Amino acid sequence: GNLELDPLFCDEAAGDYTLTAGSPCTEAASQCGRIGAFPASCGNVINVDAQGGGDYLTIQEGIDAAVNGDLVSVAAGLYSGPQNRGLDFGGRLIVLYAPAGAESTEIDCEGLDRGFLFDGGEDRLAVVRGFTVSNGHGQQGGGLSCLPGTSPTIRECAFTNSSADGTGGTIECR
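Keep in mind that this is a model prediction, so the values were computed, not measured.

### As for the pairing of strand S4 (residues 71–74)
- Burial along S4 is two-sided: Leu 71 and Ser 73 facing one way and Val 72 and Val 74 facing the other are all buried.
- Direction of pairing for strand S3 (residues 45–48) relative to S4: parallel, over a ladder of four bridges. Residue pairing for S4: Ile 46 is matched across the bridge by Val 72.
- With helix H1 (residues 59–65) bridging S3 and the parallel S4, this β-α-β connection has right-handed handedness.

### A word on unusual backbone geometry
- At Glu 110, a residue that is not glycine, the phi angle is positive and equals roughly 55°.
- Look at Glu 110 and you get partly exposed, because its relative accessible area is 40%.
- We note that Asn 135 has phi near 60°; this positive angle belongs to a residue other than glycine.
- Along the chain, the position of Asn 135 falls in the loop between strand S11 (132–134) and strand S12 (137–138).
- A relative accessible area of 23% means that Asn 135 is categorised as partly exposed.

What counts and how
- Residues numbered from 1 in each chain as written.
- Predicted model: local features only at pLDDT ≥ 70, side-chain atom pairs only at ≥ 80, totals over all residues.
- Heavy atoms only, no water.
- Buried < 20%, exposed > 50% of the residue type's maximum accessible area, 1.4 Å probe, protein only.
- Helix = DSSP H or I, 4+ residues; strand = E, 2+ residues; numbered from the N terminus.
- Pairing = 2+ DSSP bridges.
- Right-handed = clockwise from strand over helix to strand, strands pointing away.

Structural data, given as structure tokens:
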């Protein structure tokens, strides 16, 4: 074949060539070149839609329902309120993905909290992709804060109008 590494497909025998979150061929890993058009995930797809067309109305509810390997897909729209800011993966290795992209999917923190907090040992398999995070505020990292021992993957996101009382006005990863 053309690949030197096993791409770790979800279920090749059944014709499911979706990449697992741990595949060396994902955009985050890129050890064998990126293949595939969708985020890596063999788990369930959990749909979040503030307008009521999904499994959950808020992003944190979707995250809380997920287990390692799941994809939380967030519909285009403006997400604000307590369950749509201060988002915490809780150590889960999941993909939080806005297919419409940062131009169409916004998390407005309303100056009351940061967008994301990673403090549960999340690694590169914890992925946030395709969001605009606006008006975030925190002690450190007004838009996103990664505490020691975490290293999430952030792709195709925009952060606007965020501030911090301490360090990392928009993003702080220690």
